Amino acid sequence: MPRQSTRTKKPATKALEAEKIEKIVEEKPQKEQKKRGRKPKQVVEETPVEDKMDVEEEQKAEETTTQTKADEKPEQQEEAGSDSEEGSDDEEDNDLDLDALDESDSDSEFERDLNEKQSAAGIQANKYQKAAEESSDEEEDEDEIDIDELDVDGEEGEEVKAISRARQTINNKQGLLTALKRFALDTTDKVPFAFHQSIVAKKVTEESIPSIDDDLARELAFMNQALEAARVGRALLRKEGVPFTRPTDYFAETLRSDETMEKVKAKLIEEATAKKASAEARKQRDLKKFGKQVQVAKQQERAKQKRDTLEKINLLKKKRKDGGGPTGANEAEDLFDVAVDNELKGGPGGNNSKKRGRDGKEGGGPNAKRQRKDAKFGFGGKKKYAKSNDALSSGDVSGFSARKMKSGGPAGGKPKKFKPAPRPGKARRKAGAGKR
Amino acid sequence: MAAVYKSLSKSAKKVEDTENDNNTTTTNGGFRKNKQRVLILSSRGVTYRHRHLLNDLAAMLPHGRKDVKFDSKSKLYQLNELAELYNCNNVMFFEARKGKDLYMWFSKVPNGPTVKFHAQNLHTMEELHFTGNCLKGSRPLLSFDLAFEQEPHYRVIKEVFLQMFGVPQGARKSKPFIDHVMSFSIADGKIWVRNYEIREVEKAKGEKDSEGNDIVPESDKSSSKKRKGAPNAELKDTDVSLVEIGPRFVLTPIIIQEGAFGGPIIYENKRFISPNQVRSELRKAKATRHNTRVEQVKERLGKLETLTAQAKKEKDVLDTRELFA
């Protein structure tokens, strides 16, 4: 271990490292361990990342942190102590503390291991920390804090035996702040805004996001944050006289090449045209649907006309029968025709309807004979298998009753109350016949 | 054009500096100059998406230095020397694992800290068909969520972002106008990074010309003085709107180390679950179905065995059936 070189840095790192290391130990209930067939020692597992446990963890952390801290300290302190023997003003208080610390040192093997690891890490860290120079009084302050804690915590050192391994949840706030102080830029009001151009929002963005899975709301929240920043930033920069807006005649290379922008534009155009095309198609479809309706209406109208003319003809026929006497068949027919013509001409149909009226087949639908036959025998469609069972009919057991089955009566019928009189015997029949 | 502008604006700046002496003293004496250079590189085994994201970020950082892929994933401390070689004081290292997971290391080089992130939801500029665009190398406004101020580790992260993504004033290839915002927000324990173009929405058309003329050729005192009065009037008339440019990505902080690629860990995110673990959980969940089936089969076979064994068991001599058969 290169003591000489690392000597000066030691106190700072130690302080950072040990200040607030939280060790979270999860003690599984004994039952569970037995079930798994492990030895019923306290086994500490990696804490799964669950917020539910946080409360529990934190409680335990309070107990354990103190213990672990106590364990880590002594070794490091020893090192520090040996360093300080070489003599430096900074380290003097370390020396003093050592005595107190040695007492609190415990000697279980595990603890040794842990300590060694920790100190090894510390040494490695120191290599990279040579350049990081801290003011000496800062270090001293931290040391003192450590020592105070150690003195209190040392008494609890014995309990640590139970802990075999623990996952550390580290949030070394002091260390973080020191690190921050070491490299942070000055972004206070003293420096011009143009120096850093960073704006911290006035509110927490997460609060305005109802659900993290809601993409739209989330992006909107982000955008609002950025928009606010842009407004504030612009105002500040303007105040400082820093050019903000790019003039229209300033051309320079852009972040996204013209090629990409062309692509984006093409994509936009494509999208627009696709939208347009789909709208057009929908329109066409609607038209088509409407056209069909028109057609149907036309057909209905025609049918109506047909009916009307037929009715009129029938009416005329009736009139004929009632009014005209038998005045020669030929004459009558001629007259009838004329009358029909007249009637039709008067009606709304005009030429078309007249034509149809004459044309029996088209105008009046099928002739009477055909209509009769249709009514009698049915018209169109497949007749074969019409009466055979299908899935539905065979599945229908509404006509079935177990009681009827058991009553022994004739299948299908209920026990008949009014039987038709049984057929009389032959003799009686004959007798009857004789009577007649 | 750019060179001409630069010279013009330089002279204008000089004028301004002489104008308000208080400002200059603070700028020169009060704080050190912000000098940042970022070494941007990836490990081997990055996917095309990782690579494109890296290129996007590199394009956004005129103070960045892109380097070839770094060979090792374990000896990251070598990056320190590499950065020194290139005169960089920041390292942005993309570590790809298993050809799918991306970890991003942000490190301040000589003496830390180092922040390790897990990057998810990567969308490069090209694949996001946003209409925004901005000058290459213009200095961004950095917008941080208020949450960045509330926790020490977030403060560290914010500072790292500020120094990496913020283009330092007067950086070599930077452009003199500000036309984009980078926003960093914290939601769900993750940091969401977005990049927007600032577009000025004019209410009257005449305004724009006057503004353009005003700002650009600023060579004499009187015009600069005039301009100082002007912005307020302009602010009322023009408003800004944002158009997203890309890329988009989400970072989950994992650890913060005190040193540069080394040193004690001063923060560890216990909410972070490694993607490997997530995947294995998924696989396990899937496997349970099969496992239960197998178990059932085993159970059935076991039962059968016991039954047959019972049947085969030798008959007891004193069994009633034997006795009275």
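Look a little higher up for the structure.
Residues numbered from 1 in each chain as written. Chains lettered and ligands numbered in written order. Predicted model: local features only at pLDDT ≥ 70, side-chain atom pairs only at ≥ 80, totals over all residues. Heavy atoms only, no water.

Turning our attention to the packing of aromatic side chains. Residues and elements named next belong to chain B. All chains considered together, the criterion is met by 15 aromatic pairs over all chains. An angle of 45° between the planes, with centres 5.7 Å apart, marks the rings of Trp 105 and Phe 261 as tilted. Of the two residues, Trp 105 is situated in strand β4 (residues 101-108) and Phe 261 in the loop between β10 (248-257) and β11 (265-268); the sequence distance between them amounts to 156 residues. Assigned by exposure class, Trp 105 and Phe 261 land together as buried. One aromatic cluster is present, formed by Phe 106, Phe 117, Phe 144, Phe 148, Tyr 154, Phe 161, Phe 165 and Phe 184 through successive ring pairs. Here the basic side chain of Lys 116 rests over the ring of Tyr 103, its NZ or CZ set 4.8 Å away from the ring centre. We note Lys 158 situated over the ring of Phe 144; from NZ or CZ to the ring centre the distance is 5.5 Å. (Phe/Tyr/Trp six-rings, centres within 6.5 Å; stacked < 30°, edge-to-face > 60°. Helix = DSSP H or I, 4+ residues; strand = E, 2+ residues; numbered from the N terminus. Buried < 20%, exposed > 50% of the residue type's maximum accessible area, 1.4 Å probe, protein only. Lys NZ or Arg CZ within 6 Å of the ring centre and 35° of its normal.)

Further remarks concern a positive patch on the surface. A cluster of like positive charges, contributed by Arg423(A), Lys426(A), Arg429(A) and Lys430(A), occupies part of the molecular surface. Within the element layout of this structure, Arg429(A) appears in helix α18 (residues 426-435). (Patch = residues over 30% accessible without salt bridge, like charges linked within 9 Å, V, L, I, M, F, W, Y side chains within 5 Å. Areas by Shrake-Rupley, 256 points an atom, 1.4 Å probe, with all protein chains shown as cover. Salt bridge = Lys/Arg side-chain N within 4 Å of Asp/Glu carboxyl O. Lys, Arg positive; Asp, Glu negative; His and termini not counted. Charge placed at Lys NZ, Arg CZ, Asp CG, Glu CD.)

With 103 residues of chain B at the interface, the matching set in chain A holds 85 residues. Counting each side, the surface lost to burial between chain B and chain A is near 8,400 Å², with a carbon and sulfur contribution of 61%. The tally of links between chain B and chain A comes to eight salt bridges. Across the pair Glu200(B) and Arg238(A) runs a salt bridge, and its minimum N-O distance is 3.9 Å. (Contact = heavy atoms within 4.5 Å. Buried area = accessible area lost by both parts, 1.4 Å probe.)

Now for the side chain of Lys158(B). If you trace the backbone, Lys158(B) turns up in helix α5 (residues 152-165). Residue classification places Lys158(B) among the buried residues on the basis of a relative accessible area of 7%. Looking at Lys158(B), its side chain comes within polar contact range of the side chain of Glu149(B), at 2.9 Å. Once you skip the residues sitting within four places of it in the chain, Lys158(B) turns out to touch Val200(A), Phe144(B), Phe148(B) and Glu149(B). (Polar contact = N/O pair within 3.5 Å; in protein donor to acceptor, adjacent residues only side chain to side chain.)

As far as function goes, none of this settles anything; it's purely spatial.
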